[in-house]
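Residue-level listing of the chains:
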Amino acid sequence: DERRLPDISKIRGYIVPAGYGIIIKKGTWHDFPVSVGPEATVFVINTKEVVEALASMKEPSPMDFGDCYKVRTADVFKHIRLKFPDLRPIANWFCSLNTS
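Residues numbered from 1 in each chain as written. Predicted model: local features only at pLDDT ≥ 70, side-chain atom pairs only at ≥ 80, totals over all residues. Heavy atoms only, no water.

A. Local environment of the environment of Thr 28. Counting through the fold element by element, Thr 28 comes out in the segment before α1 (48-55). For Thr 28, a relative accessible area of 33% gives the class partly exposed. Among the polar contacts made by the side chain of Thr 28, one reaches the main-chain carbonyl oxygen of Lys 25 at a distance of 2.7 Å. (Helix = DSSP H or I, 4+ residues; strand = E, 2+ residues; numbered from the N terminus. Buried < 20%, exposed > 50% of the residue type's maximum accessible area, 1.4 Å probe, protein only. Polar contact = N/O pair within 3.5 Å; in protein donor to acceptor, adjacent residues only side chain to side chain.)

B. Expanded view of the packing of aromatic side chains. Enumeration according to the criterion identifies 1 aromatic pair in this entry. Taking 5.9 Å as the distance between ring centres and 80° as the angle between the ring planes, the aromatic pair formed by Trp 29 and Tyr 69 counts as edge-to-face. You can see Trp 29 sitting in the segment before α1 and its partner Tyr 69 sitting in strand β2 (residues 68-70), a full 40 residues away along the chain. We classify Trp 29 as partly exposed; its relative accessible area is 35%. (Phe/Tyr/Trp six-rings, centres within 6.5 Å; stacked < 30°, edge-to-face > 60°.)

C. Structural context of the confidence of the model for the protein chain. A residue-level look at the protein chain finds 93% of positions with pLDDT of 70 or above and a mean pLDDT of 79. Considering each helix and strand of the protein chain separately, the mean pLDDT is smallest for helix α3 (residues 88-99), with a value of 75, and largest for α1, with 87. (pLDDT = per-residue confidence, 0-100.)

D. Representation of a nonpolar patch on the surface in the model. Together, Tyr 14, Val 16, Tyr 20, Ile 22 and Ile 24 give the surface a local cluster of nonpolar side chains, amounting to about 610 Å² of exposed area. Relative to the elements of secondary structure, Tyr 14 occurs in the segment before α1. (Patch = residues over 30% accessible without salt bridge, like charges linked within 9 Å, V, L, I, M, F, W, Y side chains within 5 Å. Areas by Shrake-Rupley, 256 points an atom, 1.4 Å probe, with all protein chains shown as cover. Salt bridge = Lys/Arg side-chain N within 4 Å of Asp/Glu carboxyl O.)

E. Highlighting the environment of Ile 80. Mapped onto the fold, Ile 80 is located in the loop between α2 (73-76) and α3. With a relative accessible area of 32%, Ile 80 lands in the partly exposed category. Spatially, the C-alpha atoms of Ile 80 and Ile 8 are 9.1 Å apart, while their sequence positions differ by 72 residues.

Next comes the structure, spelled out in structure tokens:
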């Protein structure tokens, strides 16, 4: 059902410095945070329903379970190619702030 897919015209990316947290509204399309700089430990809190849905999967794949609707964007948006700038210079700058 296309109405359940994210609106790609509203895609945004964020840089969250190490040691900071974010809270997103329920229903927000997102992916797990990843480091574009040095290795980082990430702490994620999910609802019990999401944890159970993810734990029931044998391998990463699309799913529709409870309030967890997960798609592989490359399969859904075949005509779109997302390009991101190299964020390493920004990540290195953030890291330098924490060591000064």
